[in-house]
Amino acid sequence: MGAWIMAGVTFREAARRKILWTALLAGSAFLALFGTGMHFQAEHFTRVSLPPFVRYQVLSTMLQVGFYAVDLLAVIMTILTSVDALSGEIASGTIQAIATKPIPRWQVLIGKWMGFAGMAALYVAAMFGGVTAVGYFIGGVLPRHALVGALLVFLECLLVLTITFMFGTWFSTLTNGVIVLGLHGLAFIGGWIEQIGAATDTARLVTVGVVSSLIMPSESVWRRASFEMQSSFARSLRFSPFSEASAPSAPMVGYALAYLLVALIVALYHFHRRDL
Amino acid sequence: MFLGLVKPSDGQALVLGVPIGDVNVRRKIGFLPEDFRFYTWLSASELLKLHGRLCGMTKARLRERVPALLDLVGLTPHREKRLREFSKGMLQRIGLAQALIHEPELVFLDEPTSGLDPMGRRLVRDVIRAQRDRGATVFLNSHLLSEVEITCDQVVFIKEGEVVAGHDLRTHPDGEIRVAARVRNVSPKTVAELAQWSTSAQLDGERLTLATRTTAVLPDILRHLVSTGADVFEFTPEKLSLEDLFLKIMGEDRGL
């Protein structure tokens, strides 16, 4: 019960402080820009003579780029909105009036986590829906498994959210933000190193990428999402950034899920133990 | 620590007969932190509803309780105003209201009058007395000893985390009485004779300072002074203030 109350408060705070609306407004601007770009590209193709297959692949790649931008936005939004959730309230003392109420501390943390998870779900659903609609209605292309892709990006958001919460039980807001963004940056560059390694058959590069994914699996979840959404042709291309050779395996997604659960347990344990 | 904010390094403690850290016992406890902060995007009535819900109160109960509490702390005209528009004093009042929303048996108030004007301080005193009258126990933590003196029944002094002294303001309503008198023609012998009523007597020029256990002996002292030929211009009994008692118990401020 306490967790649901806290989830509701977190959601309401985002709405009251215009965080949710600002994010959705920025998302709408992004979709408008993306739609304009897709429109001009599709219109251009009507005036030039190109095989339908090539046209489809170009527009599909554009769609993938749209999803890529959505993923980046969703992850950054998740970190920025939640980075202050625990550390800020602990530092300001706001948490004291809540933590002394007859609800266990784990419910306070889980409630806030659920609130941010709900917002991330809304954001990912709206943005994925928007990009898919733009692709279909303007470009005439669809991702292969849009729902699987959206769910994986949501998982990635939950992962960075949970890690942000975990470090938020230890560190100040600024330090927490630096750590989580740093970890995601490490995963990001590690992912690209792995892809380049796969494209050039350089085993050591692939190993470096895999290790970085084990340290922080957020980027590997996105690469799996992208792999699920791209066309069969793009999948089979060795030079594609998300070709079969560099796509994280299903067990890596399982690892990311386990990573999330462990981070959540650590966050709950430390939040329960620490002085407020 | 009683509310589970800080973990004990060692030992055990009970609150309302239950080991500290028990979540359910907090249904019977109210708390106002010293530096009360809350979600400033909430309105006063929303804040009270949220705290009430966290305390397990039903919506029906909250519909009665929230307006009553807003009235109690004088914030009814501001019930829909966001807390970010509140002054420090108004925040203290709404903080006090949230501590009492669930009618707790035990209330911890940490510096509840800080930031309040005289009217606000009086309001807090009245609210605390109302809690006492309904049978609740209120722990008032304050450095404003005049407030403590007016409001509390019992007082303890804590120094470096340990209780160093306690004082029951009900059992010894007189406390130690200090009398300041302006006199002339008082001999050292007369001063020495005052020892039969006073615990100390000191003459410094025209200023005679006495200390007694009770006000009942003051007429005897005055009669004795007059009967020995002393001219008494002033004779003012002063109750030893809690502040004096504090200084006496805690010692001089060494700037620590």
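Whatever comes next refers back to the structure up there.
Residues numbered from 1 in each chain as written. Chains lettered and ligands numbered in written order. Predicted model: local features only at pLDDT ≥ 70, side-chain atom pairs only at ≥ 80, totals over all residues. Heavy atoms only, no water.

S.K.: Could you give me a rundown of the pattern of salt bridges, with the residues and numbers involved?
M.R.: Residues and elements named next belong to chain B. Counting across every chain of the model gives 18 salt bridges over all chains. Here Arg-61 makes a salt bridge to Glu-64, at a shortest N to O gap of 3.2 Å. One end of the pair is Arg-61 and the other is Glu-64, both in helix H2 (residues 59–72) and 3 residues apart, which spans about a single turn. Since its relative accessible area comes to 30%, Arg-61 is described here as partly exposed. Under the relative-accessibility criterion, Glu-64 is labelled exposed at 54%. (Salt bridge = Lys/Arg side-chain N within 4 Å of Asp/Glu carboxyl O. Helix = DSSP H or I, 4+ residues; strand = E, 2+ residues; numbered from the N terminus. Buried < 20%, exposed > 50% of the residue type's maximum accessible area, 1.4 Å probe, protein only.)

S.K.: How would you explain helix H1 (residues 44–54) of chain B if you had to name every residue and give the values?
M.R.: Two residues of an α-helix separated by three or four positions point the same way, owing to the 3.6 residues in each turn. When you tally the buried positions in H1 of chain B, you get 9 out of 11 residues, the bulk of the element. Residues of H1 of chain B that are buried include every one of Ala-44, Ser-45, Glu-46, Leu-47, Leu-48, Leu-50, His-51, Gly-52 and Leu-54 of chain B, and no others. The inward-facing, buried residues of H1 of chain B contact helix H1 (2–16) and helix H5 (94–99) of chain A together with H2 and helix H3 (88–100) of chain B. (Contact = heavy atoms within 4.5 Å.)

S.K.: Could you give an account of empty space enclosed by the protein, naming the residues involved and the relevant values?
M.R.: All names here are of chain A. Applying the stated criterion across every chain, the model contains 3 cavities of 30 Å³ or more. Of the volumes computed, that of the largest cavity is approximately 170 Å³. What lines the largest cavity is a set of 14 residues, and nearest its centre among them are Met-77, Thr-81, Met-119, Ala-120 and Tyr-123. Of all the elements in the fold, those that place two or more residues in the lining of the largest cavity are helix H2 (19–47), helix H3 (52–82) and helix H6 (105–139). (1 Å grid on protein atoms, 1.4 Å probe; cavity = no way out; pocket = protein on both sides within 12 Å on 5 of 7 lines; lining within 4 Å. Points joined across faces, edges and corners; volume = space filled by probe spheres on them.)

S.K.: Quick one: what's the story with the packing of aromatic side chains, residue by residue and with numbers?
M.R.: Aromatic ring pairs are defined here through the distance separating the ring centres and the angle between the ring planes. For the structure on display, the rule yields 12 aromatic pairs over all chains. Aromatic rings pair up to connect Phe-2, Phe-108 and Phe-139 of chain B into one cluster. (Phe/Tyr/Trp six-rings, centres within 6.5 Å; stacked < 30°, edge-to-face > 60°.)

S.K.: Residue-level account of the interface of chain A and chain B, with values.
M.R.: Tallying the contact residues gives 27 residues for chain A and 24 residues for chain B. Of the roughly 2600 Å² buried between chain A and chain B, counting both surfaces, carbon and sulfur atoms make up 63%. Counting the contacts that link chain A with chain B gives 2 salt bridges. The shortest N-O distance in the salt bridge between Glu-46 of chain B and Arg-12 of chain A comes to 3.7 Å. Where chain A meets chain B, there are 15 residue pairs in polar contact (both at pLDDT 80 or more). Broken down by element, the side of chain A that touches chain B gets its largest block of residues, 6 residues, from H1 of chain A. Residue classes in the side of chain A that touches chain B are distributed as 11 nonpolar, 5 polar and 11 charged. (Buried area = accessible area lost by both parts, 1.4 Å probe. Polar contact = N/O pair within 3.5 Å; in protein donor to acceptor, adjacent residues only side chain to side chain. Nonpolar A, V, L, I, M, F, W, Y, C, P; charged D, E, K, R; others polar.)

S.K.: Residue-level account of unusual backbone geometry, with values.
M.R.: Residue and element names in this part refer to chain A. Unlike most non-glycine residues, Asp-201 shows phi in positive territory, near 55°. Its place among the elements puts Asp-201 in the loop between helix H8 (173–199) and helix H9 (203–215). By relative accessible area, which is 62% here, Asp-201 ends up exposed.

S.K.: Tell me about the nonpolar core, residues and numbers included.
M.R.: Among the nonpolar cores identified, the biggest contains 125 residues, and Phe-38, Tyr-39 and Ile-94 of chain B are the most heavily contacted of them. No other element matches H6 of chain A, which puts 14 residues into this core. Apart from the residues lying within four places of it in its own chain, the contact partners of Ile-94 of chain B are Phe-36, Ala-44, Leu-47, Leu-48, Leu-70, Leu-75, Leu-83 and Phe-86 of chain B. Core analysis: the second largest hydrophobic core is formed by 15 residues, Ile-177, Val-179, Leu-218 and Ala-230 of chain B among them. (Core = buried A, V, L, I, M, F, W, Y, C linked by side-chain atoms within 4.5 Å.)

S.K.: Mind laying out the sheet that holds strand S3 (residues 29–32) of chain B, listing which residues take part and the relevant values?
M.R.: Two orientations exist for strands paired in a sheet by backbone hydrogen bonds: parallel and antiparallel. Residue and element names in this part refer to chain B. If you trace the 3 strands from one edge of the open sheet to the other, you get S3-S4-S5, paired in parallel fashion. Looking at which strands have only one partner, the edges of the open sheet turn out to be S3 and strand S5 (137–141). Each neighbouring strand pair of the sheet contributes to a mean axis angle of 10°, computed without reference to strand direction. Pairing of S3 with strand S4 (residues 106–110), which is carried by 4 bridges, proceeds in the parallel orientation. When the bridges of S4 are listed, Gly-30 appears paired with Val-107. Relative to S3, H3 is tilted by about 165°, and along the sheet it contacts S3 and S4. (Pairing = 2+ DSSP bridges. Axes fitted to C-alpha atoms, helices over the stretch in contact; angles between N-to-C directions.)

S.K.: Tell me about the layout of surface pockets, residues and numbers included.
M.R.: Reported here for the largest pocket is a volume of approximately 1300 Å³. Lining the largest pocket are 35 residues, and of these Phe-139, Leu-140, Asn-141, Val-156 and Ile-158 of chain B lie nearest its centre. Contributions of two or more residues to the lining of the largest pocket are made by S4, helix H4 (118–133), S5, helix H5 (145–151), strand S6 (154–159) and helix H8 (242–250) of chain B. Split into classes, the residues belonging to the lining of the largest pocket amount to 22 nonpolar, 7 polar and 6 charged. Considering only enclosed or pocket space, the second largest pocket measures out at about 470 Å³ in volume. Glu-13, Arg-17, Asp-84 and Glu-89 of chain A together with Tyr-39 of chain B are the residues nearest the centre of the second largest pocket, which is lined by 24 residues in total. Looking at side-chain class alone, the lining of the second largest pocket contains 11 nonpolar, 6 polar and 7 charged residues.

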